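# Report on the structure
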Amino acid sequence: AEITRAGIEGSCPTSRAAIDMFCAMLGTVAGNLALTLGATGGIFIAGGILRRMPEYLAGSQFRARFEDKGRFRDYLEPIPAYLILEEDVAFVGLRALAEADGIG
């Protein structure tokens, strides 16, 4: 939490470099996953760190690295990336699953 805060605030160059690297690496992995799964409808990203920095993620290298796949760039460019901001998203999904199965 301290690294994220200091990186976003810009008060620590090392922390800023760490979250820059995190966003870039996440973009690379997300792009690879989108290619592997054929996720043309979009990718959904969730997590505690990212909920605290949606604007920072949007301005980071995430998208550039997501699309930086050589001849697959044209395939990846139109694929949207969604950031899930719901804190308890796993429980929302579990509730929906239980209701669909008639459990809840």
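My aim in this report is to walk through the structure given alongside it, one point at a time.

About the criteria used
Residues numbered from 1 in each chain as written. Predicted model: local features only at pLDDT ≥ 70, side-chain atom pairs only at ≥ 80, totals over all residues. Heavy atoms only, no water. Salt bridge = Lys/Arg side-chain N within 4 Å of Asp/Glu carboxyl O. Helix = DSSP H or I, 4+ residues; strand = E, 2+ residues; numbered from the N terminus. Polar contact = N/O pair within 3.5 Å; in protein donor to acceptor, adjacent residues only side chain to side chain. Axes fitted to C-alpha atoms, helices over the stretch in contact; angles between N-to-C directions. Parallel < 35°, antiparallel > 145°, perpendicular 65-115°, else oblique. Contact = heavy atoms within 4.5 Å. Nonpolar A, V, L, I, M, F, W, Y, C, P; charged D, E, K, R; others polar.

## Some details on the pattern of salt bridges
- Taken as a whole and assessed by the stated rule, the structure comprises five salt bridges.
- Taking the shortest distance from any N to any O, the salt bridge between Glu9 and Arg5 comes out at 3.8 Å. With Glu9 and Arg5 both in helix H1 (residues 2–9), this residue pair falls four residues apart, about one helical turn.
- Here Arg73 makes a salt bridge to Asp68, at a shortest N to O gap of 3.6 Å.

## Quick notes on the side chain of Ser60
- Relative to the assigned elements, Ser60 resides in the loop between helix H4 (54–58) and helix H5 (62–67).
- Looking at Ser60, its side chain comes within polar contact range of the main-chain oxygen of Leu57, at 2.7 Å.

## Regarding the packing of H1 against helix H2 (residues 13–37)
- It is the contact of H1 with H2, at a shortest axis distance of 7 Å, that shows an interaxial angle of 100 degrees. Classed by the angle they form, the pair H1 and H2 counts as roughly perpendicular. On the side of H1, the interface is formed by Ile3, Thr4, Ala6, Gly7, Ile8 and Glu9, while H2 contributes Ser15, Arg16, Ala18 and Ile19.
- Class assignment for the residues of the contact of H1 with H2 results in five nonpolar, three polar and two charged.

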